[in-house]
Structures are given as structure tokens and as C-alpha cells.
Amino acid sequence: MSLPILAALFAQTAIAAGAAPLDESEEIRILLQVGRGPLRIGAERLTLVPNEGETTSLEGAQASLACVQGRVVAAGKKYVGPVAIAAEGPLEVLGRRLRGQIEVSCAGQLWTAINVLPMETYLTAVLGGEMPPGFPPEALKAQAVAARSYALMRKIDARDQGKPYHLSATVLSQVYAGLSREDPRTATAVEATRGEVLAQGVTPVEAYFHASCGGKTETGSAALGRPLDYLKSVSCPCQARSPYAHWRVEVAAEELAKAVGLTSVADAEVASRTSGGRASKLRVKSEHGEERTPSAIQVRASLGYQRLPSTWFDLHKEGGRFVFEGRGSGHGAGLCQWGARLLAEEGQGYREILAHYYPGTEVEKIY
Ligand SMILES: [Zn+2]
């Protein structure tokens, strides 16, 4: 990522503040899937918008596209370059109902389907996937600003790398399920913070967030390898109410062995901790005396993010099984969602909540 580009973007948006909205900031491109064979898209009043050539209205409520030798084949014609499918209402594609347009491009026989839609529409759908809509309005607004900042950063990164999309639709980017996750309460939070992102000086912030920190957030450096000064370890009230306050996970020796690349495990312990208290390295010994010292983050990824909710744990052996006892859920950096809920219930506004979890940053309205 290049800082001059970020600075230029913000300089541009600063000039545009109060003037006409910036289209550039308002569109987001989400990778849905790469696949082969026919791609079916359903909707009312479909139109086909090729990169070159005329827009065509399609008959019926379904379009079927495919790739042949790098060309998009649709409605009996071949197109060079991407083709967008638009409709008056939501589109049904790949098991999701989505707003905006679906852009399809081909490489040989492989198609790539990208959902192109306004950033604010995307955020309304994302918010319901990331935070329970029943959380207090100020917590939802804090989450909306964090999600918008995160999406903007990813968009700037993608542009620097020349990628045709900005984010994917999985938990690795932000959970995006389309219309099924829209909710009037999340829509209100997005609308109330329209165009607002977190920034430090002229730089948009990498606004990471997670479900529940366990009582203290983790530094960006320890949690994600991002040594950013606004991702400090800060205290958090989430333990009072979070369903992840205390958890216990039992893992069979064979499963742990597989996760760390050994044939067996005789013994395992936490070998070192981060300054925030989370496990940093484990020491795992096999029955043949082999030793591995994987990072706790690697072990969590191998066992599964759901299975091992966080890296803040103790580890001991109990009757041939290995017991992880821990607190929190997620990587622990940036905004803690359960903490945000409690701060909101105590009467804090979303700006205060964001200032707590991302110290030294400010909310800026960029469109
Ligand atoms: Zn917390």
C-alpha cells in the first residue's frame, strides 16, 4: 500500500467535503466466486450491460452465462471483456440474494463473478453479518464506521495492486450474505454514519474488529502482525456479559498432532505469551521426543477459528486429551463488539467507543 495514494485520496475527499459526492469512494466490488460451467442469475427485468456494445434487455427471469475461450457467452452472443447483469430489484446468484450488479469476466473457461454495489448498501448487509442487530444503536454505529474504514482500506489496497475486486464475501474479509442479513436497525446505523471513516491524520485506519477480547484488547502487532500505533492494548468491560467470557475446549492428542505437524503428542504447553497475556508460542512434544514450537495463531488456524475461539488460553493435559481453557473470541485487535455493547449501554456514543478502541484516531466524513 502506498501512503502517497492514501494521502491523495484524502486530499481529494477533503476538497470534495460538502461538494458533490465522490463516486470513487461509494462503489465497492465484492468477489463472489470463481467457477466454470453455466452461471445462472435470476431477477425481475434483467438487463445485460457489456463493457463494449449496447445494453440488452433479457427475456424471462433468468440469465445463463458461460465462458468460452475467454469470452463471455450470454443471450446467444459472445462478448469480449466483462459483462454486467443488472435488474430493477435484487439478483439471485450462487445461493444469495444481492443488490447492485453482477459483473462476469472470463479467463479461458473460468468465470469470475463480482458483485458491484454502493458502499453504503454493502455495509447494510455486512453489518448484520458482523454484529447482532439487537446490539445498542451506538454500538452498531461504531461497527458501521469500523466496517466502512476497513472496506475503504481494502479498496485502496486492491487499487494499488490492480485487482478487479476489493473484498471477498467470506469471514476472511467481512461476512457478506446479501439481503438475508439486512435489518432496519443495521440500516439505520449505516445511514446515520454515512461516509464516515476512522482516520489518523490523512490516513484511513485499518479498523480491525472482533467479537470479544476477553477483558483487554491485543496490540495489532501481536494479533495480526500489524504494528499500528492505534491498535494498542486497551482495557475492556466485555467479560461482564460476553458469552465468550470463559470457554473450555478439549482436543484429542491425534487432532493436536495433526494441527502441529507431528505423528503424536505426548505433552503440550504454552511456551510464551504476548505482553497482553495471550499465548504466543506453544511447545509440543511427540512420543518420540520430537518438538515443535508453533505460534498460537497457527494452532488456532489449524484447529479452526470456531473450535479455538481465541489465543488467550491456558493449556494442560487431562487423561490423554489436551484442554484449552480460555477467554474471548477473535484475534483481539481493535474494536471489541461485546465491549462496544457494554460501553453503549453505559451511555457512550459511537465516537467515544471508537476513540476507546482506536486511540489517537478521529471520525472523518469523506462523502
Ligand atoms: Zn472486550
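This is a predicted model, so every value here is computed, not measured.

A. Quick peek at the overall build of the chain. Secondary structure summary: the chain contains 10 helices and 24 strands in total. A compact globule built from 367 residues would reach a C-alpha radius of gyration of about 21 Å, and the chain, at 23 Å, matches this within 12%. If one aligns the C-alpha atoms of the chain with their principal axes, the spans along those axes are about 70 × 50 × 40 Å. The buried share of the chain, reckoned over its 367 residues, is 50%.

B. How the structure looks around the coordination of the zinc ion. At this site the zinc ion is bound by Cys-213 (SG), Cys-236 (SG), Cys-238 (SG) and Cys-336 (SG), with donor distances of 2.2 to 2.3 Å. Angles of 104 to 121 degrees at the metal separate the four donor atoms of the zinc ion, which places the site in the tetrahedral class. Along the chain, the residues donating to the zinc ion fall in the pattern C-x22-C-x1-C-x97-C. With Cys-236 in the loop between helix H6 (220–224) and strand E17 (247–252) and Cys-336 in strand E23 (residues 335–336), this pair connects stretches of sequence that are 100 residues apart.

C. How the structure looks around the pairing of strand E19 (residues 279–285). Summarising the sheet, strand E18 (residues 267–273) and E19 pair through six bridges and their orientation is antiparallel. For Glu-269, the partnering residue across the bridge sits in E19 and is Arg-283. Count of turn residues in the E18/E19 antiparallel hairpin: five residues, of which Gly-277 carries a positive phi of about 105 degrees. Pairing between E19 and strand E20 (residues 291–292): two bridges, direction antiparallel. Bridge pairing in E20 links Val-284 to Arg-292. Between the end of E19 and the start of E20, which pair antiparallel, lie five residues, with Gly-289 showing a positive phi angle near 85 degrees.

D. A look at the packing of helix H4 (residues 137–161) against helix H10 (residues 350–357). Their axes nearest at 8 Å, the elements H4 and H10 cross at an angle of 55 degrees. The orientation of H4 relative to H10 falls into the category oblique. Considering the relative orientation of H4 and H10, their crossing is right-handed. Every residue of H10 that contacts H4 at Glu-138, Ala-139, Lys-141, Ala-142 and Val-145 is listed here: Tyr-350, Ile-353 and Leu-354. Its residues assigned to classes, the contact of H4 with H10 shows six nonpolar, no polar and two charged.

E. Quick peek at H4. Helix length check: H4 (25 residues) gives 36 Å between terminal C-alpha atoms against 36 Å at 1.5 Å per residue, within 8%. With 19 of its 25 residues buried, H4 lies for the most part within the structure.

F. The arrangement of the domain arrangement of the chain in detail. Assigned domains within the chain: domain 1 (38–108), domain 2 (121–214 + 331–365) and domain 3 (247–326). Here the C-alpha centroids of domain 2 and domain 3 sit 31 Å apart.

G. Main features of the state of the cysteines. For the coordinates displayed, the defined rule picks out one disulfide. The residue that forms a disulfide with Cys-67 is Cys-106, at a sulfur-sulfur distance of 2.0 Å. Judged by the torsion about the S-S bond (-80 degrees), the Cys-67/Cys-106 disulfide is left-handed. In this pair, Cys-67 is assigned in strand E5 (residues 62–68) and Cys-106 in strand E11 (residues 101–107), connecting sequence segments 39 residues apart. This pair shows no difference in class: Cys-67 is buried, exactly as Cys-106 is.

H. Examining the packing of aromatic side chains more closely. Counting across every chain of the model gives three aromatic pairs. On the basis of an interplanar angle of 80 degrees and a centroid distance of 5.1 Å, the ring pair of Phe-135 and Trp-338 is categorised as edge-to-face. Here Phe-135, found in the loop between helix H3 (119–130) and H4, pairs with Trp-338, found in helix H9 (residues 337–345); they are 203 residues apart in sequence, far enough to count as distant. Its relative accessible area of 15% is what places Trp-338 among the buried residues. Just above the ring of Trp-312 sits the side chain of Arg-327; from NZ or CZ to the centre is 4.8 Å.

I. Spatial organisation of the nonpolar core. In this structure, Tyr-122 and Tyr-358 are the most contacted members of the largest nonpolar core, which totals 76 residues. The greatest single-element share of this core, amounting to 11 residues, is contributed by H4. In this structure, Tyr-358 is in contact with Ala-146, Leu-198, Val-205, Ala-207, Tyr-208, Phe-209, Tyr-230, Leu-231, Gly-334 and Leu-335, ignoring residues within four places of it in sequence.

Definitions and cut-offs
- Residues numbered from 1 in each chain as written.
- Predicted model: local features only at pLDDT ≥ 70, side-chain atom pairs only at ≥ 80, totals over all residues.
- Heavy atoms only, no water.
- Helix = DSSP H or I, 4+ residues; strand = E, 2+ residues; numbered from the N terminus.
- Rg over C-alpha atoms; globule rule 2.2 N^0.38 Å.
- Buried < 20%, exposed > 50% of the residue type's maximum accessible area, 1.4 Å probe, protein only.
- Donors = N, O, S within 2.8 Å, 3.2 Å for Na, K, Ca; no water.
- Tetrahedral: all angles 85-135°; square planar, octahedral: opposite > 155°, others 65-115°.
- Pairing = 2+ DSSP bridges.
- Axes fitted to C-alpha atoms, helices over the stretch in contact; angles between N-to-C directions.
- Parallel < 35°, antiparallel > 145°, perpendicular 65-115°, else oblique.
- Left-handed = near helix turned anticlockwise from the far one by under 90°.
- Contact = heavy atoms within 4.5 Å.
- Nonpolar A, V, L, I, M, F, W, Y, C, P; charged D, E, K, R; others polar.
- Expected span 1.5 Å × (residues − 1).
- Domains from an automatic or database assignment.
- Disulfide = S-S within 2.5 Å.
- Phe/Tyr/Trp six-rings, centres within 6.5 Å; stacked < 30°, edge-to-face > 60°.
- Lys NZ or Arg CZ within 6 Å of the ring centre and 35° of its normal.
- Core = buried A, V, L, I, M, F, W, Y, C linked by side-chain atoms within 4.5 Å.

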